[in-house]
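One-letter residues, chain by chain:
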Amino acid sequence: MEVYNILFNRLLAETAKQQASELHLSVGGIPVIRKDGRLLKLAGEKIIEQELLTQIINSFLEEEEKKILEEKRELITVKSLGGHWRFKINIYYQKNLLAVSFRLIGAQIRSLASLPLPPVATNFTALASGLVVVAGPYGNGKTTTIGAMLEHINQGQPKRILTLENPIEMLLISKESVVEQRSIGRDVKSLLDGLRYCQQEDIDVLAISDIQEQFSEALPLVLEIAATNCLVLLEMSADTATRVIEKILNCYAATKIESGRMILADVLEGIIVQKLLAKNGGGMALAAEALVGTAAIKSVIREGKLKQIETIIQTSGDQGMISLTQALVNLVRAGEVTQADALAVAPRKDDFKIIIK
C-alpha cells in the first residue's frame, strides 16, 4: 500500500476512534481534529506536504471532480472512505496551497425523538404545506435535524418526498413515503432547475440543503412552492429566527418587498435555529430557538415590524416558542454547559446576563 494511503487510513481511523466531528488537513500544518467543538492537533503526526495531500485528494476524487477543483479552486463532495465511514469533504486552496476538511456523517439517520429539539419540531412534520426553516451556523446539526424530520415523515406518512442537495449527505430509503434525492449539478443542472421541476410535479415534501449560490433568485420560487400543497423544509445559515426572516426578505427588490412580506407571512409555519456547544463531561449539547408561525408572528411580518419578533418568541412559550437566549440559559441551569461557553454564543449577550442571574 502507498505511503499516502497508509497515512490517510490512519487519520480517518483516528478521527472515528476519537468520535471527532471533523478532520482538517492543510499543507504545512499538522493534522487537526475537531472534538466536542474544539480543535485538537493529532499528537505524533508529521507536517503535511503538498505532494502528499495532492495524492490523498486524488485518491478519492473522480476525474470530473478534479476538473471542477482545478477550475473553481474549491469543491464540496461526499464520499465513503476507509471502508465504511462517510464524509462531507470540502477541498479548497489557501495561500495557493491545498487544504481539505472531512466532516464525519453519522452512519444512521437519527430519530426525531432522540434529538433534544423543541417539541414543535415534531408538529412541523405533520404539516401539509408551508415553510419550515432549520437554521444555524455550519456544523451545528442542521442536516441532522432535517434528516430526522424527513425520516419521521418517511416512517409514518404516505408522501412523495424530494430533496435538492449539494451534495447528498444522508441516504434515505423509501418506507411509507416515496423518497427521491437529487444532487444539484449531477442529477439536476441547478437549484433553479430543480425548483422549477417541483412546480410541475406532485411533490408533498421538499427539502432543500443550505443554498450558497442563487440564493436571491431561489427564495421567491421556494416561497411559491410552499404556498401550494407542499411542505418545504429549508436549511439556512442564520443565527436567530429574526435574521432568517430578514435574509429571506432581502431577496426581494425594494419595489417588491411588500409582496415578499405578504407571501412569507402566508407560508411561514416555523423556524428552528440551532447551536451546538461543548457539553460538560464530553459530547455536545444542543440549544435550539423555536418560532411558530402564529397570527402574531404573521402580523408583524406583514407590517415589517421585525424588531417585535424576539418579544413575541419570549412571551409565547405556551405556543411552543423559545428564544435561543432562554435555551442557552436552560442548558447552563441544567449543568450541561458552562456559563462562559453559553455566553460566547448567545446572540443577545445583555439579555443572557440578565436572565441567568
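Residues numbered from 1 in each chain as written. Predicted model: local features only at pLDDT ≥ 70, side-chain atom pairs only at ≥ 80, totals over all residues. Heavy atoms only, no water.

## Let's talk about the overall build of the protein
Logical step 1: Each helix and strand in the protein was counted, giving 14 helices and 13 strands.
Logical step 2: Against the globule reference of 21 Å for 357 residues, the protein gives a C-alpha radius of gyration of 21 Å, in line with a compact fold.
Logical step 3: Principal axes of the C-alpha set define a box for the protein whose edges measure 65 × 55 × 40 Å.
Logical step 4: Counting across all 357 residues of the protein, residues that qualify as buried make up 50%.
Logical step 5: Across the protein, every contact between residues at least 6 apart in sequence was considered, and the portion connecting residues at least 24 apart equals 57%.
Logical step 6: With the model as given, the accessible surface of the protein reaches about 17100 Å², and the carbon-plus-sulfur share is 49%.
Logical step 7: Averaging the locations of the 40 positively and 42 negatively charged side chains of the protein gives two centres separated by 5 Å. (Helix = DSSP H or I, 4+ residues; strand = E, 2+ residues; numbered from the N terminus. Rg over C-alpha atoms; globule rule 2.2 N^0.38 Å. Buried < 20%, exposed > 50% of the residue type's maximum accessible area, 1.4 Å probe, protein only. Contact = heavy atoms within 4.5 Å. Areas by Shrake-Rupley, 256 points an atom, 1.4 Å probe, with all protein chains shown as cover. Lys, Arg positive; Asp, Glu negative; His and termini not counted. Charge placed at Lys NZ, Arg CZ, Asp CG, Glu CD.)

## Observations regarding the packing of aromatic side chains
Logical step 1: Evaluated as defined, the whole model comprises four aromatic pairs.
Logical step 2: Plain terms: the ring middles of Phe60 and Phe102 are 6.0 Å apart, the flat faces sit at 70 degrees to each other, and that makes the pair edge-to-face. Highlighted residues: Phe60 in the loop between helix H2 (50–58) and helix H3 (63–72) and Phe102 in strand E6 (residues 97–105), separated in sequence by 42 residues. The burial state of Phe60 is the same as that of Phe102; both residues are buried. (Phe/Tyr/Trp six-rings, centres within 6.5 Å; stacked < 30°, edge-to-face > 60°.)

## Structural notes on the packing of helix H8 (residues 241–249) against helix H9 (residues 257–267)
Logical step 1: The geometry of H8 relative to H9 is characterised by a closest axis approach of 10 Å and an angle of 130 degrees between their N-to-C directions. The orientation of H8 relative to H9 falls into the category oblique. In the packing of H8 onto H9, the handedness of the crossing is right-handed. Residues Ile245, Ile248 and Leu249 of H8 form the contact with H9, whose own contacting residues are Ile257, Gly260, Arg261 and Leu264.
Logical step 2: Within the contact of H8 with H9, the residues separate by chemical class into five nonpolar, one polar and one charged. (Axes fitted to C-alpha atoms, helices over the stretch in contact; angles between N-to-C directions. Parallel < 35°, antiparallel > 145°, perpendicular 65-115°, else oblique. Left-handed = near helix turned anticlockwise from the far one by under 90°. Nonpolar A, V, L, I, M, F, W, Y, C, P; charged D, E, K, R; others polar.)

## A word on the sheet that holds E6
Logical step 1: The strand order E3-E2-E1-E6-E5-E4 describes an open sheet built from six strands, whose pairing is antiparallel. Strands with a single pairing partner mark the edges of an open sheet, and in this sheet they are strand E3 (38–41) and strand E4 (74–81). If you compare each strand with its neighbour and ignore which way they point, the axes differ by 25 degrees on average.
Logical step 2: With five bridges connecting them, strand E1 (residues 22–26) and E6 associate as antiparallel partners. By the bridge assignment, Leu23 is partnered in E6 with Phe102.
Logical step 3: H2 contacts E1, strand E5 (85–94) and E6 of the sheet and is inclined by roughly 45 degrees relative to E6.
Logical step 4: In the packing of H3 onto the sheet, the strands contacted are E4, E5 and E6, and the crossing angle to E4 comes to about 150 degrees. (Pairing = 2+ DSSP bridges.)

## Some details on the pattern of salt bridges
It is possible for side chains bearing opposite charge to pair when their charged atoms get close.
Logical step 1: Per the stated rule, a full pass over the model turns up 19 salt bridges.
Logical step 2: One salt bridge connects Arg103 with Glu22, and the closest N-O pair in it is separated by 2.6 Å. Of this pair, Arg103 sits in strand E6 while Glu22 is found in strand E1, placing the two residues 81 residues apart along the sequence.
Logical step 3: Since its relative accessible area comes to 18%, Arg103 is described here as buried.
Logical step 4: Using a relative accessible area of 7% as the deciding quantity, one classes Glu22 as buried. (Salt bridge = Lys/Arg side-chain N within 4 Å of Asp/Glu carboxyl O.)

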